[in-house]
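# Examining the three-dimensional arrangement
Spelled out, the chains give:
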Amino acid sequence: MIEGLIEEIKKFRDVRDWKQFHTPENLAKSINIEAGELLECFQWNSDYKKDEVKQELADVLIYCLFMLDAVDLDFYDIVSEKMKLNGEKYSVEKAKGNSKKSNKL
Ligand SMILES: [Mg+2]
């Protein structure tokens, strides 16, 4: 499922000849810029417009998918590997109901 989506966004990029701009550095900046726009949806209060959140979250995710391609990483591989590490860092016994960072548990 995600493979088809990745192919779709790569096609979107390639027909516009934008790959030349998609260096890892530029993509890291773009992810951060879009994350800032996502945060802006909650500026001043906790009310938010779901459609705006949807748009900005999609921007973040699209740039993340471009980043995967730029650095030749696989979505499932890196997420499953990180979740395994998170499971070790945040054992249920130590972390359940606790929002502290792993080194503070
Ligand atoms: Mg945006």
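Above this text is the structure in question.
What comes next concerns the included structure. No experiment lies behind these values; they were computed from the predicted model shown.

A few words on the overall build of the protein chain. When helices and strands are counted, the protein chain shows five helices and zero strands. Its helices and strands in sequence order give the protein chain the pattern α-α-α-α-α, from N to C terminus. Relative to the 2.2 N^0.38 estimate, which gives 13 Å for 105 residues, the radius of gyration of the protein chain is 17 Å and therefore markedly larger than a compact globule would have. With the principal axes as the frame, the protein chain shows a C-alpha extent of 50 × 35 × 25 Å. Put simply, the protein chain has 105 residues, and 18% of those count as buried. Expressed as a percentage of contacts within the protein chain between residues at least 6 apart in sequence, the contacts between residues at least 24 apart total 54%.

A contiguous patch of negative charge on the surface is contributed by Glu-3, Asp-74, Asp-77 and Glu-81. Note on placement: Asp-77 falls in helix α4 (residues 75-89).

Another aspect to go through is the packing of helix α2 (residues 24-40) against helix α3 (residues 50-70). Closest axis-to-axis distance for the α2/α3 pair is 9 Å, and the angle between their directions is 165°. As judged from the angle between their axes, α2 and α3 are roughly antiparallel. Relative to α3, the crossing made by α2 is left-handed. Here Pro-24, Leu-27, Ala-28, Ser-30, Ile-31, Glu-34, Ala-35, Glu-37 and Leu-38 of α2 come into contact with α3, specifically with Val-53, Glu-56, Leu-57, Asp-59, Val-60, Tyr-63, Cys-64, Phe-66, Met-67 and Ala-70. Of the residues assigned to the contact of α2 with α3, the class counts are 14 nonpolar, one polar and four charged.

Attention shifts here to a positive patch on the surface. Together, Lys-82, Lys-89, Lys-101 and Lys-104 make up a region of like positive charge exposed at the surface. Turning to its location among the elements, Lys-104 is positioned in the segment after α5 (92-95). Classification of Lys-104 as exposed rests on a relative accessible area of 58%.

So, about the packing of aromatic side chains. When we look at a pair of aromatic rings, we describe it by the centre distance and by the angle of the planes. Taken as a whole and judged by the stated rule, the model has four aromatic pairs. Over the aromatic face of Phe-12 sits the side chain of Arg-16, whose NZ or CZ is 3.6 Å from the ring centroid.

Criteria and thresholds
- Residues numbered from 1 in each chain as written.
- Predicted model: local features only at pLDDT ≥ 70, side-chain atom pairs only at ≥ 80, totals over all residues.
- Heavy atoms only, no water.
- Helix = DSSP H or I, 4+ residues; strand = E, 2+ residues; numbered from the N terminus.
- Rg over C-alpha atoms; globule rule 2.2 N^0.38 Å.
- Buried < 20%, exposed > 50% of the residue type's maximum accessible area, 1.4 Å probe, protein only.
- Contact = heavy atoms within 4.5 Å.
- Patch = residues over 30% accessible without salt bridge, like charges linked within 9 Å, V, L, I, M, F, W, Y side chains within 5 Å.
- Areas by Shrake-Rupley, 256 points an atom, 1.4 Å probe, with all protein chains shown as cover.
- Salt bridge = Lys/Arg side-chain N within 4 Å of Asp/Glu carboxyl O.
- Lys, Arg positive; Asp, Glu negative; His and termini not counted.
- Charge placed at Lys NZ, Arg CZ, Asp CG, Glu CD.
- Axes fitted to C-alpha atoms, helices over the stretch in contact; angles between N-to-C directions.
- Parallel < 35°, antiparallel > 145°, perpendicular 65-115°, else oblique.
- Left-handed = near helix turned anticlockwise from the far one by under 90°.
- Nonpolar A, V, L, I, M, F, W, Y, C, P; charged D, E, K, R; others polar.
- Phe/Tyr/Trp six-rings, centres within 6.5 Å; stacked < 30°, edge-to-face > 60°.
- Lys NZ or Arg CZ within 6 Å of the ring centre and 35° of its normal.

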